[in-house]
Amino acid sequence: MLASHDLNTSEGRIAALQEATPIIRKIRDSALRPEYSRRLAGWLGMDTATVAKAIGGSAPAGKVTKQSTIGSSVERESLKAALQLPGAVSDWYASVDESTFIHPKAASVHIAIEKAGGPTKELDGMAWIDAVLKNAENDEVRSTIRELAVEPMPTETGTETRYAVGMIARLLEIDSSKKIEELKGQLTRSEESGDPTQLLNQLVDMETYRRSLREISFGEA
């Protein structure tokens, strides 16, 4: 159902949320409902409190506070993936850079991860977390890193790797959407001044890239 909406637009995300809300409301197990609410927030790239309110409940107070320290659910979950499952997401995270993040604190955590050498298959567990902590710019960023390193991922046991890869793919998809808009602006200007062929080719490539990321983020590939 989510794949039928353009989640790169505000209108698409709201429409998807409205359509998904009745589905989650039908979950009878009250313990499962908040977990699926948080997972939906990650897929949509929306704040967990907003999604929880739409579904008909409120997010736990601690969760709302934590979410506000990073901003986008996607940014938060992607950083958790890089910290908790570095070997599983190392290839994907190599495409992430500082400009991918909108929230300043998320970008600061990312910088610490990059300075520590980036996620790899050779270093994990506390050794990896310690390496990232050593490269954090201040105590506030170190506190956030510790928080993200232990916060459970909102997914079922045994599916953590798939979820982690999906979150980073979603992060890259959102970033690719920004780059597509930039290319469209450049294309409009180039049509007035010269040959836009090169920009058109870049735009086609980026659209293809975004579609592939979308398929992966929703588990279609």
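Refer to the structure printed above.
Numbers given to residues run from 1 along each chain, matching the order in which its sequence is written. Whole-chain, interface and lining totals are the exception, using all residues; otherwise, since this is a predicted model, local features are given only for residues with pLDDT of at least 70 and side-chain atom pairs are given and counted only at 80 or more. With hydrogens and water excluded, all non-hydrogen atoms of the structure serve as input to the side-chain values.

1. Overview of the overall build of the protein
Scanning the protein from N- to C-terminus turns up eleven helices and zero strands. Elements are defined by DSSP. Helices are runs of H or I of four residues or more, strands are runs of E of two residues or more, and each kind is numbered from the N terminus. For the protein, the sequential pattern of α-helices and β-strands runs α-α-α-α-α-α-α-α-α-α-α. Buried residues in the protein amount to 43% of all 221 residues. A separation threshold of at least 6 residues defines the contact pool for the protein, and within that pool the share at least 24 residues apart is 65%. For every residue, the accessible area (1.4 Å probe, protein chains only) is compared with the maximum for its type, and the residue is labelled buried under 20%, exposed over 50%, or partly exposed between those bounds. Here a residue-residue contact requires only that any non-hydrogen atoms of the pair lie within 4.5 Å.

2. Notes on the nonpolar core
In this structure, Leu-79, Leu-83, Tyr-93, Phe-101, Ile-113 and Ile-145 are the most contacted members of the largest nonpolar core, which totals 33 residues. Mapped by element, the contributors of at least two residues to this core are α5 (73–84), α6 (86–93), α7 (104–115), α8 (125–134), α9 (139–150) and α10 (160–193). If you tally residues by element for this core, the top one is α10, at eight residues. What Leu-83 contacts, discounting residues up to four positions off in sequence, is Ile-113, Trp-128, Ile-129, Val-132, Ile-145, Leu-148 and Ala-149. By nonpolar core is meant a set of buried Ala, Val, Leu, Ile, Met, Phe, Trp, Tyr and Cys residues that side-chain atoms within 4.5 Å join together. Counting 13 residues, the second largest nonpolar core, distinct from the first, contains Leu-2, Ile-24, Ile-27 and Ala-41.

3. Topic: the side chain of Ser-108
Summarising the element assignment, Ser-108 is placed in helix α7. Under the relative-accessibility criterion, Ser-108 is labelled buried at 15%. What Ser-108 contacts, discounting residues up to four positions off in sequence, is Glu-137 and Val-141.

4. Here's the deal with the pattern of salt bridges
Salt bridges, as used here, are contacts in which a Lys or Arg side-chain nitrogen is within 4 Å of a carboxyl oxygen on Asp or Glu. With the rule as written, the count across this model stands at eight salt bridges. Notably, a salt bridge pairs Glu-140 with Lys-105, separated by 2.9 Å at the nearest N-O pair. Here Glu-140, found in helix α9, pairs with Lys-105, found in helix α7; they are 35 residues apart in sequence, far enough to count as distant. Of the residues examined, Lys-105 reaches a relative accessible area of 17% and is grouped as buried. Between Arg-170 and Glu-173 there is a salt bridge, with the nearest N and O atoms lying 3.1 Å from each other. With Arg-170 and Glu-173 both in helix α10 and three residues apart, this pair spans about one turn of that helix. The same class applies to Arg-170 as to Glu-173, namely buried.

5. As for helix α3 (residues 48–55)
Thr-48, Val-51, Ala-52 and Ile-55 are the residues of α3 that are buried. Looking straight down α3, one finds its buried side chains confined to an arc of 100°; they lie on one side. A positive phi of about 120° marks Gly-56, the residue just after α3. The directions from the helix axis to the C-beta atoms are what the arc is built from.

6. A few points about the side chain of Ser-78
Within the element layout of this structure, Ser-78 appears in helix α5. Ignoring anything within four residues of it in the chain, the contact list for Ser-78 reads Tyr-93, Met-167, Ile-168 and Leu-171.

7. Describing helix α1 (residues 10–25)
Expected span of a helix: the number of residues minus one, times 1.5 Å. If you check α1, its first and last C-alpha atoms are 22 Å apart, about what 16 residues at 1.5 Å a residue would give, namely 22 Å. Of all the bends in α1, the greatest reaches close to 25° and is centred on Glu-19; the proline Pro-22 follows between one and four positions later. Residues of α1 that are buried include every one of Gly-12, Ala-16, Leu-17, Ala-20, Thr-21 and Ile-24, and no others. Bend, in this description, refers to the angle at a residue between axes fitted to the seven residues ending there and the seven starting there.

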